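Residue strings, one per chain:
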Amino acid sequence: MYFIANWKMFGGLNSLNTIDKVVKFFKAFKKNRSIKIIYCPPSTLISLMSKKLEKTNIEIGAQNCHEQESYGAFTGSINSKMLKNIGANYVIIGHSENRQSGESNQLINLKIKSALKSGLKVIFCIGETLREKRKKITKKILDKQLKLGLNKVNSKKNIIIAYEPVWSIGTGLIPKSDDLYETVNFIKKKMRKNKVLYGGSVNPKNINDLKSINNIDGYLIGGASQDPKKFIDIIKKRYS
Ligand code: 13P
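Residues numbered from 1 in each chain as written. Predicted model: local features only at pLDDT ≥ 70, side-chain atom pairs only at ≥ 80, totals over all residues. Heavy atoms only, no water.

If you tally the helices and strands in the protein chain, you get ten helices and eight strands. Here the protein chain has a C-alpha radius of gyration of 17 Å; the compact-globule value for 240 residues is 18 Å, and the two agree. Taken along the three principal axes of its C-alpha coordinates, the protein chain extends 50 × 45 × 30 Å. Scored against the burial criterion, the 240 residues of the protein chain give a buried share of 50%. (Helix = DSSP H or I, 4+ residues; strand = E, 2+ residues; numbered from the N terminus. Rg over C-alpha atoms; globule rule 2.2 N^0.38 Å. Buried < 20%, exposed > 50% of the residue type's maximum accessible area, 1.4 Å probe, protein only.)

See below:
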């Protein structure tokens, strides 16, 4: 079961201390459970956070990467090799916030390939917009995102799928349980060996409903993951 914290564009040096509580909690809580916690802070904090988490059982991911695996003249960009070099083991690719600012399925495909080549595991985000949901084309959209995003990706072993309906991100809304079960099932039929996570407004309140949907392999958590108490609460309640 995965609990992935996506901090988005939040956090400075003083935010690093907030993870101490989570480290302490997880040390005891993990015991015989098969749980993975992965922090995806902004790139500015990856290096320091990875040093801090060195001797813990918590891993680190980045939130995006450039599509070119080698160095190049791309001002402001960071590639997968550089992320790996500073301690990241995972990278989120295809997040809807980046799709909305122009990332195409084709670009996402290049990024996924470059990340895998650099030895990063990919948290590949897919999801429909509200308009697409209303038009009842969710499955068609997800199918397209999966097909184009994973085009000519030979080994899918190091890919985790995160289903994040765009309309549920940061809105407090989550899909109806039956709908979510069905959508995750649809993805799993296409990606038989991959873990499928849910993301979008996961919080300590709705985790009780979410945990009853038994085909979900974990959660990609935005806002609530910045608050250690809420993040710990989500994990505890998932198992209560
Ligand atoms: P929220 O949990 O803030 O809705 O964000 C979800 C998300 O986008 C995680 O990648």
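We are not done yet, so read on.
Before going further, it helps to spend a moment on the sheet that holds strand E6 (residues 159-163). On the basis of which strands lie adjacent, the closed barrel formed by eight strands has the order E1-E2-E3-E4-E5-E6-E7-E8 and parallel pairing. Along the sheet, successive strands turn relative to each other by an average axial angle of 25°, direction set aside. Strand contacts of helix H7 (residues 138-149): strand E5 (121-126) and E6, with the helix running at about 150° to E5, the strand carrying the most contacts. Across the sheet, helix H10 (residues 228-238) touches strand E1 (2-6), strand E2 (36-40) and strand E8 (218-221), and the angle it forms with E1 is around 165°. (Pairing = 2+ DSSP bridges. Axes fitted to C-alpha atoms, helices over the stretch in contact; angles between N-to-C directions. Contact = heavy atoms within 4.5 Å.)

This paragraph deals with helix H1 (residues 19-30). With twelve residues, H1 extends 16 Å between its outermost C-alpha atoms, agreeing within 8% with the 16 Å of an ideal straight helix rising 1.5 Å per residue. Those residues of H1 not exposed but buried are Ile19, Val22, Val23, Phe25, Phe26 and Phe29. Each element contacted by the buried residues of H1 is listed here: E2, helix H2 (43-52), strand E3 (58-62) and H10. Looking at the residues trailing H1, positive phi occurs at Lys31, about 25°. (Expected span 1.5 Å × (residues − 1).)

Worth remembering: the numbers are spatial, not functional.
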